[in-house]
Amino acid sequence: MKKSLVALAILAAAGVASAQSSVTLFGVVDATYQHGSGSGVGSSSVSRLGNSGYNSSRLGFRGTEDLGGGMSASFWLEAGLNNDNGSGANTSTNNQTTGATGGGGLTFNRRSTVSLASGLGELRLGRDYTPQFWNQTVFDPFGTNGVGTTRTLAGTAPTGNLGGTTSVRASNSVGYFLPGNLGGFYGQFQAYMGENNKTGAATEKDGNGSAIRLGFANGPINVALATSSTKFAPSATTGKTKSTNLGGSYDFGVAQAMALVTRDKVDTTPTSVTGKGALIGALVPMGAGQIRVAYSTYKLNTAAAPKSKQWALGYVHNLSKRTALYTTFARVTNSGGATAALNGAVTAANARSTGYDFGIKHSF
């Protein structure tokens with residue numbers, strides 16, 4: 001009798017919990033055959049099975065609890081997957097190059113947050129996308145995935161993008177999101193910490209930063225401005241990385257046009273380096289599929305002025321709401337000593353590189 005009463009109490013408690021909250025398992029498995037080739041002296045090509053050519057492969061858990069009075073609490077745990085070899089993706093524990101971990105076990109590198117939301121907006125704590133990255137991915141026809149990823153994010157080799165370790169995500173962050181009832185206006189503010197001891201050394205504020213994004217979306221138009229600043233410590237000199245971008249899109253019905261301009265600046269003593277990028281592209285519906293096209297550039301202001309220019313063309317065919325086949329072809333052209341290459345290839349300075357993806361994506 002006592003055992004029966006205990007069992008009933010457990011079932012009743014579970015029933016109350018399920019009535020107040022919900023938990024969802026979700027994910028994406030995206031596998032792609034990749035090829036990249038370089039040109040010039042010392043160049044090489046590579047063919048391989050990769051992942052995340054259309055959507056980023058991931059495994060996640062999210063849940064929401066209604067607290068009443070228009071307030072809710074939620075959590076979101078999302079891990080990146082390398083489904084071509086079964087490993088987990090890297091993460092950064094402190095927004096610094098010394099804090100990288102992963103590549104083996106599962107790490108919730110994509111997002112790991114807990115939130116409180118109400119009619120006044122949302123307060124979100126943990127690891128999350130940075131405001132400036134949202135513009136990069138929302139206004140890139142390729143969604144910053146695969147061989148067609150915009151050069152404004154990929155940058156130009158060997159230096160790459162100057163946005164630093166927080167160009168996509170930040171750990172140890174506190175974020176605030178405006179409520180969604182502001183007539184199309186939206187916004188996000190984020191502050192994050194490197195969590196170093198206070199010693200007075202140049203590394204004390206390494207990994208600290210803040211960012212903000214403000215935008216307007218109504219009908220066919222969407223436009224947003226974002227800016228960020230992250231402190232870092234090269235050797236004994238404290239520096240700062242600043243990133244600003246402005247993006248927009250307009251849906252004409254027959255096609256959705258997109259554009260983005262970016263400016264990244266690395267301030268050090270006594271010199272600084274600036275990188276500037278631009279993108280223009282479009283999404284064109286075609287039956288059960290979609291054509292994607294983009295042209296993007298990234299250039300540094302150093303003496304040689306290295307610059308990379310990239311064309312990308314792709315097609316996605318939706319077999320269902322959750323499954324799609326896709327292909328993308330891209331070519332990057334370098335000048336000023338740049339060596340940007342695609343899909344793991346190696347190319348000579350001032351030479352070209354081409355790459356393509358064929359893949360399948362399934363979401364659940």
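Above this text sits the structure in question.
To keep things clear, this report deals only with the structure shown in the data block. (Residues numbered from 1 in each chain as written. Predicted model: local features only at pLDDT ≥ 70, side-chain atom pairs only at ≥ 80, totals over all residues. Heavy atoms only, no water.)

### Here we look at the pattern of salt bridges
- Counted under the stated rule, the structure contains 6 salt bridges.
- R58 is paired through a salt bridge with E78; the nearest N and O atoms lie 3.6 Å apart. One end of the pair, R58, is in strand β3 (residues 58-68); the other, E78, is in strand β4 (residues 71-82), with 20 residues separating them in the sequence. (Salt bridge = Lys/Arg side-chain N within 4 Å of Asp/Glu carboxyl O. Helix = DSSP H or I, 4+ residues; strand = E, 2+ residues; numbered from the N terminus.)

### Here's the deal with the pairing of strand β9 (residues 121-129)
- In terms of strand pairing, strand β8 (residues 111-118) meets β9 through 7 bridges, oriented antiparallel. Counterpart to V114 in the pairing with β9 is L125.
- Connecting β8 to the antiparallel partner β9 that follows it, the hairpin turn spans 2 residues.
- Pairing of β9 with strand β10 (residues 169-177), which is carried by 7 bridges, proceeds in the antiparallel orientation. By the bridge assignment for β10, L123 is matched with Y176. (Pairing = 2+ DSSP bridges.)

### Looking at the packing of aromatic side chains
- All told, the structure shown has 8 aromatic pairs when counted by the stated rule.
- Here Y129 and W134 contribute two aromatic rings whose centre-to-centre distance is 5.0 Å and whose plane-to-plane angle is 70°, an arrangement assigned as edge-to-face.
- On the basis of relative accessibility, which here comes to 28%, the residue W134 falls in the partly exposed class.
- Taking the centre distance of 4.7 Å and the plane angle of 40° together, the rings of Y295 and W311 count as tilted. You can see Y295 sitting in strand β17 (residues 289-300) and its partner W311 sitting in strand β18 (residues 307-318), a full 16 residues away along the chain.
- Look at W311 and you get exposed, because its relative accessible area is 56%.
- Pairwise contacts between aromatic rings join Y129, F133 and W134 into one cluster.
- Above the ring of F26, the side-chain terminus of R62 is found at 4.2 Å from the ring centroid.
- Sitting over the face of the ring of W76, R62 holds its NZ or CZ atom 5.2 Å from the ring centroid. (Phe/Tyr/Trp six-rings, centres within 6.5 Å; stacked < 30°, edge-to-face > 60°. Buried < 20%, exposed > 50% of the residue type's maximum accessible area, 1.4 Å probe, protein only. Lys NZ or Arg CZ within 6 Å of the ring centre and 35° of its normal.)

### Re the environment of T323
- By secondary structure assignment, the location of T323 is in strand β19 (residues 323-335).
- Under the relative-accessibility criterion, T323 is labelled buried at 16%.
- Through-space distance from the C-alpha of T323 to that of V29 is 9.7 Å; in sequence the pair is 294 residues apart.

### Considering the side chain of S56
- With respect to the helices and strands, S56 occurs in the loop between β2 (45-51) and β3.
- Looking at S56, the relative accessible area reads 15%, which means it is buried.
- At a separation of 3.5 Å, a polar atom in the side chain of S56 contacts the side chain of R110.
- Leave out the neighbours within four places in its chain, and S56 touches V28, R110 and N145. (Polar contact = N/O pair within 3.5 Å; in protein donor to acceptor, adjacent residues only side chain to side chain. Contact = heavy atoms within 4.5 Å.)

### Here's the deal with helix α2 (residues 131-138)
- Here α2 lies mainly inside the structure; 6 of its 8 residues are buried.
- Of all the residues in α2, the buried ones are P131, Q132, F133, N135, Q136 and T137.

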